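# Structure assessment
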Amino acid sequence: MTPAVTTRRFALTQAAHFRSSIRTVAGNAGLQTVPNSTAVQPSMELSGITVFKFAENMIPRLVKTLLKRTESRTAEMERLTSVFGDPMKWASYYVEPYCQQFNPADEDDESRHVVREHLTSRLQYFLGGHEQVKSPHQLILADSGMGKTSCLVMLKLAHLNAFWPQKYDVHLLKLGKDTLDQLKDLPRRDTILLLDALDEDPLAWGRVTKRLIEILSATKNFRRVVITCRTQFFSAGEDPFNRRGQAEIGGFLCPVVYLSLFDDLQVADYLEKRFPGDVETQRSAAPILQKMRALKFRPMLLSRIDDLLENGRKDWTVFTVYEALVAAWLQRERAKMHEQGRKNVPSLNELLLACSALATLMFKLQSVTVSAEVITNAIAFNSKLEHIRDIDIQGRSLLNKNSEGHFRFAHFSVQEYLYSLAIRAGVTTLSKKREHHPTTQVFEFLDHLIRTMPMHERATLKLHSLNLVGLNLNGLDWASLNLDGQHISSSSFTNCSLQACALDGGTLDNSTFDATIFKDSSLRELVVSRTRLVKCDVSNTQLDLSRFEQAQFEVCDFRHACLKLSRAMKCQFSSCNFHGAQVHSVHIENSTFRDCLFDADAFAESHVGNSSFVDCDLSELPVECTLFQPENHNDLTNCELSPAALRRLKRPPSEPSDESAAAP
C-alpha cells in the first residue's frame with residue numbers, strides 16, 4: 001500500500017470519527033442532526049407521476065463532473081461567473097440543503113419534529129408538473145447567507161451539464177431593474193426561470209408586494225418560475241405568508257418553502273470538503289462553531305471559517321462575525337501592500353472607510369455593482385473612495401469584479417455591513433433626504449452599533465438620508481435618536497425602543513408599532529395615518545399639533561402626554577389611558593373611544609363631534625364638557641358619568657340647564 005493511499009485512508013477514518021463525534025456531541029447537547037427518518041426521499045413523493053426527472057443522485061454526480069472538467073469555459077459559464085461569482089468554487093464545497101414548510105426562525109430550538117426534505121426533491125416535484133401543483137411559481141425563502149443563490153446556480157449548472165431533461169430551456173437571472181425586459185423575447189412554453197434575490201431588486205425596496213405581483217404577472221405563462229428572497233424582507237401588512245406552504249399574492253397562489261439551517265452533520269460534511277484530509281483544522285473548527293450557535297448553520301459564514309479560526313473571539317453575533325471577516329480581509333490586503341514594497345500603505349481604518357463609502361455609493365445608486373468610471377467620478381466628491389484602487393481584487397477578497405469590470409462585494413450582506421458602518425461614521429450626511437433605501441439587515445447591523453454608543457452621542461447620528469419604507473424591524477434600540485421629519489411608511493416595529501427620540505414633523509403611515517416605547521419623545525406635528533399602535537408607551541410625549549387619521553390605538557399609555565391642538569379623524573382608541581394627559585383644544589371627529597380613561601381637564605376648549613365613547617370612565621369630566629353637548633351628536637354608551645353630567649344628558653331639550661336656571 002502506497003503512502004498516499006495510507007494517508008487518504010487515515011484521513012477518511014479520521015473524518016468518520018469526526019462525524020461520529022459531532023453526532024455524539026450534538027446528541028448530548030440536544031442539537032439538531034436531522035436523522036434519516038426526517039428527510040423525505042424523492043422516490044417517496046414522485047413515484048409513478050414524474051414527467052420531469054433530474055439525474056439520479058444529481059448533486060454529488062454534478063459536483064464530481066464539474067471538478068473533472070478542464071476545458072475552456074463557455075460563454076454561459078463566464079456570464080454566471082460575472083453575475084454570481086465563480087460557480088466552480090461553490091461546487092467544490094457545496095452541501096445540498098434541506099427545505100421545509102415552516103420558517104426556521106419560528107421554531108423552538110430547531111424542533112426535531114419538523115419534516116425536511118432535500119431541496120432538489122421538492123423542486124423536482126414542482127418542476128415535474130404534478131397535478132397538485134396549480135401555480136407556475138415557487139418561492140424559496142431563507143435568511144441572509146443560507147444558500148439561496150448557490151442552489152439556483154447549481155440547478156443552472158445541472159442543466160448545462162445535461163443532468164435534467166434537455167427539452168427545457170433554463171434561464172438564471174439576478175432580479176433587477178431590467179429583468180422583465182430580458183424576459184420579453186424568451187420562449188415560454190418550455191422555459192424554466194430561476195430568478196434570484198428579490199430582496200436585492202431595487203424596484204422591490206419599499207414596495208415588495210407590488211414588485212412581486214409585477215414579476216408574477218409577467219412570468220405567469222412560463223413553464224415554471226423559481227424565485228428566491230430573504231424571509232425578513234416582507235414587512236408587516238405586506239407579508240402574504242399566512243398559510244403553511246403557500247403564499248397568496250395579488251390573486252396568485254404560490255407554493256413556498258424555507259431553506260433549513262444546516263444541521264451538525266451538514267456542517268461536518270462542509271468542513272470535510274473545505275479542509276480535505278486536514279483533520280486537525282476540522283477539529284479546531286468544531287469548538288468555535290459551537291460557540292457561534294445558530295450562526296454556524298449559515299453556508300456563507302461557513303465558507304469563511306478560516307478567517308474566524310484566526311480571530312479567537314468567544315462571543316459571536318451576526319455583527320461580530322462580519323466584523324471579524326472584514327477585518328481579516330483588510331489586514332490581508334495591507335500585508336500584500338507591504339510585501340510589494342509599496343509606500344504610504346493606507347491604514348486599516350482608511351481601507352475600511354473606503355469600502356464603507358463604496359457600499360454607500362451602491363445603496364445610493366440602488367445597485368450591487370458599480371463601474372470603475374463611476375468610482376473615479378465619485379472620488380472627486382469623496383476622497384475616502386481613493387483607497388478602493390489599492391485593494392487587490394483576487395483570491396479571498398470580499399471585493400470582486402464582474403466580467404464588465406464593475407466592482408461588487410462577494411455577498412450582498414457584506415455591502416450591508418459596510419453601509420451600516422458608513423451611517424455610524426457619518427459618511428452618508430451629504431446625501432439627500434430619504435435618498436438611500438436600507439434593508440432590514442442594515443438596520444440589524446446598525447442596531448448593534450447604536451447600542452454601543454453613549455446616549456449623549458446618539459442625537460448626533462444623522463439618519464436623514466435613510467428611506468424608512470417597507471421595513472420589518474424587531475427589537476431595535478433607537479432611544480434618543482434624531483428622526484425629525486422622517487417618513488415611516490409600510491413598516492413594522494415590534495418590541496422597539498424609541499424612548500426620548502425626536503420625530504418632530506414626521507409621518508407614520510400604514511405601519512404597525514407593537515409594544516414600542518415612545519416615552520419622553522418629541523413627536524410634535526406628527527402625522528399618524530392608517531397606522532396601528534398596540535401596547536405602546538406614549539407617556540410624557542410631546543404630541544401637540546399632531547394629526548391622527550384613520551389610526552388605531554390599542555392598550556396605549558398616553559399618561560402625561562401633551563396633545564394640545566391635535567386632531568383625530570376617524571380614529572379608534574381602545575383601552576387607552578389618558579390620565580394626566582393635556583388633551584386641550586383638540587378637534588375630534590368620527591372617532592371611537594372604547595374603555596378609555598380621562599381626567600377632569602380632558603377636552604377643555606375642544607370640539608368633539610360625531611364620535612362614540614363606549615365603556616369609558618368620564619366621571620371626572622365637568623358637566624360643561626363638549627362631550628355632553630347634544631348638538632355634537634356623541635354616543636356615550638355604557639360610560640361612567642358624574643351625576644351632574646348624567647342629569648344633563650337625561651334632561652329634555654326644553655328644560656333649562658342648571659347653569660341657566662341659576663342665572664339672575
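Relevant structure appears above.
Scope of this entry: the structure provided in the associated data block. Since the model is a prediction, treat every value here as computed from it, not as a measurement. (Residues numbered from 1 in each chain as written. Predicted model: local features only at pLDDT ≥ 70, side-chain atom pairs only at ≥ 80, totals over all residues. Heavy atoms only, no water.)

## Overview of the overall build of the protein chain
Note the following rule: Helix and strand definitions here come from DSSP, where helices need a minimum of 4 consecutive H or I residues and strands a minimum of 2 consecutive E residues; each element is numbered from the N-terminal end. Accessibility here uses a 1.4 Å probe with only protein chains present; expressed as a share of the type maximum, an area under 20% marks a residue as buried, one over 50% as exposed, and anything in between as partly exposed. The contact criterion used is simple: two residues touch if any of their non-hydrogen atoms lie within 4.5 Å. With residues, only the protein chains shown are counted as cover, and all accessible areas are computed by Shrake-Rupley using a 1.4 Å probe.
Secondary structure assignment for the protein chain yields 21 helices and 28 strands. The burial tally for the protein chain puts 54% of its 664 residues in the buried class. For the protein chain, the share of sequence-separated contacts (at least 6 apart) that also reach a separation of at least 24 residues comes to 47%. Carbon and sulfur atoms make up 49% of the accessible area of the protein chain, which amounts to about 29600 Å² in all.

## Details of the packing of helix H10 (residues 264-274) against helix H11 (residues 279-291)
Operational definition: Simply put, an axis is a line fit to the C-alpha atoms, just over the touching stretch for a helix, and the angle between two N-to-C directions goes from 0 to 180 degrees. Take the far helix as the reference: if the near one is turned anticlockwise from it by less than a right angle, the crossing is left-handed, and if turned clockwise, right-handed. Any residue outside Ala, Val, Leu, Ile, Met, Phe, Trp, Tyr, Cys, Pro, Asp, Glu, Lys and Arg is labelled polar, Gly included; the first ten of those are nonpolar and the last four are charged.
Their axes nearest at 11 Å, the elements H10 and H11 cross at an angle of 140°. Two packed elements cross with a definite hand, and for H10 against H11 that hand is right-handed. Residues Asp264, Val267, Leu271 and Glu272 of H10 touch H11, and the partners they reach there are Gln282, Ala285, Leu289 and Gln290. Partitioned by chemical class, the residues of the contact of H10 with H11 number 4 nonpolar, 2 polar and 2 charged.

## Examining the environment of Glu457
Relative to the assigned elements, Glu457 resides in helix H19 (residues 455-458). The sequence separation of Glu457 and Ser480 amounts to 23 residues, and the corresponding C-alpha distance is 8.8 Å.

## With respect to the nonpolar core
Filter applied, for reference: Put simply, buried Ala, Val, Leu, Ile, Met, Phe, Trp, Tyr and Cys residues joined by side-chain atoms within 4.5 Å make one nonpolar core.
If you look at the biggest cluster of nonpolar residues, it comprises 161 residues, and the most contacted ones within it are Trp478, Phe578, Phe603 and Phe613. If we skip the residues at most four places from it in the chain, Phe613 touches Phe593, Phe598, Phe603, Val608, Leu618, Leu627, Asp635, Leu636, Thr637 and Cys639. Of all hydrophobic cores here, the second largest spans 24 residues; its members include Leu139, Leu195, Leu212 and Ala247.

## A closer look at the pattern of salt bridges
So the rule is basically this: Salt bridge, as used here: a side-chain nitrogen of Lys or Arg that lies within 4 Å of a carboxyl oxygen of Asp or Glu.
Across all of its chains, the model carries 24 salt bridges by this definition. With a shortest N-O distance of 2.9 Å, Glu117 and Arg122 are connected by a salt bridge. The exposure classification of Glu117 matches that of Arg122, with both residues buried. In this structure, the salt-bridge partner of Asp390 is Arg342, at a minimum N-O distance of 2.8 Å. Of the two residues, Asp390 is situated in the loop between helix H16 (372-379) and strand E10 (399-401) and Arg342 in the loop between helix H14 (318-339) and helix H15 (348-364); the sequence distance between them amounts to 48 residues.

## Focus: the pairing of strand E7 (residues 224-230)
Definition in use: Strand pairing requires that DSSP identify at least two bridges connecting the strands. By definition, the crossover connecting two strands over a helix is right-handed if that path, from the first strand to the second, turns clockwise as seen with the strands pointing away from the viewer.
The buried count for E7 comes to 7 of 7 residues, which makes it a mostly enclosed element. Burial along E7 is two-sided: the face carrying Arg224, Val226, Thr228 and Arg230 and the face carrying Val225, Ile227 and Cys229 are both buried. Where strand E4 (residues 137-142) meets E7, 6 bridges bridge the pair, whose relative direction is parallel. Each residue of the ladder has a partner; that of Ile140, found in E7, is Thr228. In this sheet, E7 lies alongside strand E6 (residues 191-196) in parallel orientation, the contact comprising 4 bridges. Paired with Ile192 across the bridge in E7 is Arg224. Read as a crossover between parallel neighbours, the route from E6 over helix H9 (residues 208-218) to E7 is right-handed.

## Some points on the sheet that holds strand E24 (residues 592-594)
Overall, parallel pairing links the 8 strands, which are arranged E12-E14-E16-E18-E20-E22-E24-E26 in an open sheet. Single-partner strands in this sheet number two, and they are strand E12 (472-474) and strand E26 (612-614). Across the sheet, the axes of successive neighbouring strands diverge by a mean angle of 5°, strand direction being ignored. As judged from the 3 bridges shared by strand E18 (residues 532-534) and strand E20 (residues 552-554), these two strands associate in the parallel manner. By the bridge assignment, Leu533 is partnered in E20 with Phe553.

## What to know about the packing of aromatic side chains
We apply this condition: For Phe, Tyr and Trp, where Trp contributes only its six-membered ring, two rings pair if their centres lie within 6.5 Å, and the inter-plane angle classes them as stacked under 30 degrees, edge-to-face over 60, or tilted in between.
Counted by the stated rule, this structure contains 28 aromatic pairs. Summarising the aromatic geometry, the rings of Tyr322 and Phe445 are spaced 5.2 Å apart at their centres and angled 70° between planes, so their arrangement reads as edge-to-face. On the criterion of sequence distance, the pair formed by Tyr322 in helix H14 and Phe445 in helix H18 (residues 440-451) is long-range, its members being 123 residues apart. With respect to burial, Tyr322 and Phe445 carry one shared label: buried.

## Considerations on unusual backbone geometry
Even without glycine at this site, Ala197 takes up a positive phi of about 70°. Along the chain, Ala197 turns up in the loop between E6 and H9. In the Ramachandran plot, Asn638 falls in the positive-phi region, its phi being about 55° despite a non-glycine side chain. Summarising the element assignment, Asn638 is placed in the loop between strand E27 (617-618) and strand E28 (640-641). By relative accessible area, which is 59% here, Asn638 ends up exposed.

## Observations concerning H18
Note the following rule: Expected helix span is computed as 1.5 Å times (number of residues minus one).
An ideal rise of 1.5 Å per residue puts 16 Å on 12 residues; H18 measures up with 17 Å between its terminal C-alpha atoms. Counting buried positions along H18 gives 9 out of 12 residues, so the element sits mostly inside the fold. Among the residues making up H18, those that are buried are Thr440, Gln441, Val442, Phe443, Phe445, Leu446, Asp447, Leu449 and Ile450. On its buried face, H18 is in contact with E7, H14, H15, helix H17 (412-425), H19 and E12.

## Digging into empty space enclosed by the protein
For the record, the criterion: Method remark: on a 1 Å grid restricted to protein atoms, a set of points is classed as a cavity if a 1.4 Å probe fits but cannot get out and as a pocket if it is open with protein on both sides within 12 Å along at least five of seven lines; lining residues have an atom within 4 Å of a point. Grid points are joined across faces, edges and corners, and a volume is the space filled by probe spheres set on the points.
Using the criterion set out here, one finds 6 cavities of 30 Å³ or more in the structure. Approximately 120 Å³ is the volume attributed to the largest cavity. Every residue lining the largest cavity is counted, 15 residues in all, and those nearest its centre are Leu563, Ser566, Phe573, Val583 and Ile588. Looking at the lining of the largest cavity residue by residue, the classes come out as 13 nonpolar, 1 polar and 1 charged.

## Brief notes about the sheet that holds strand E21 (residues 567-569)
Strand order in the open sheet formed by 7 strands is E13-E15-E17-E19-E21-E23-E25, and the pairing between neighbours is parallel. Each of the sheet's edge strands pairs with one partner strand only, and the pair in question is strand E13 (487-489) and strand E25 (607-609). With strand direction ignored, the average angle separating the axes of adjacent strands in the sheet is 5°. For strand E17 (residues 527-529) and strand E19 (residues 547-549), the ladder comprises 3 bridges, and the chain directions are parallel. Residue pairing for E19: Val528 is matched across the bridge by Phe548.

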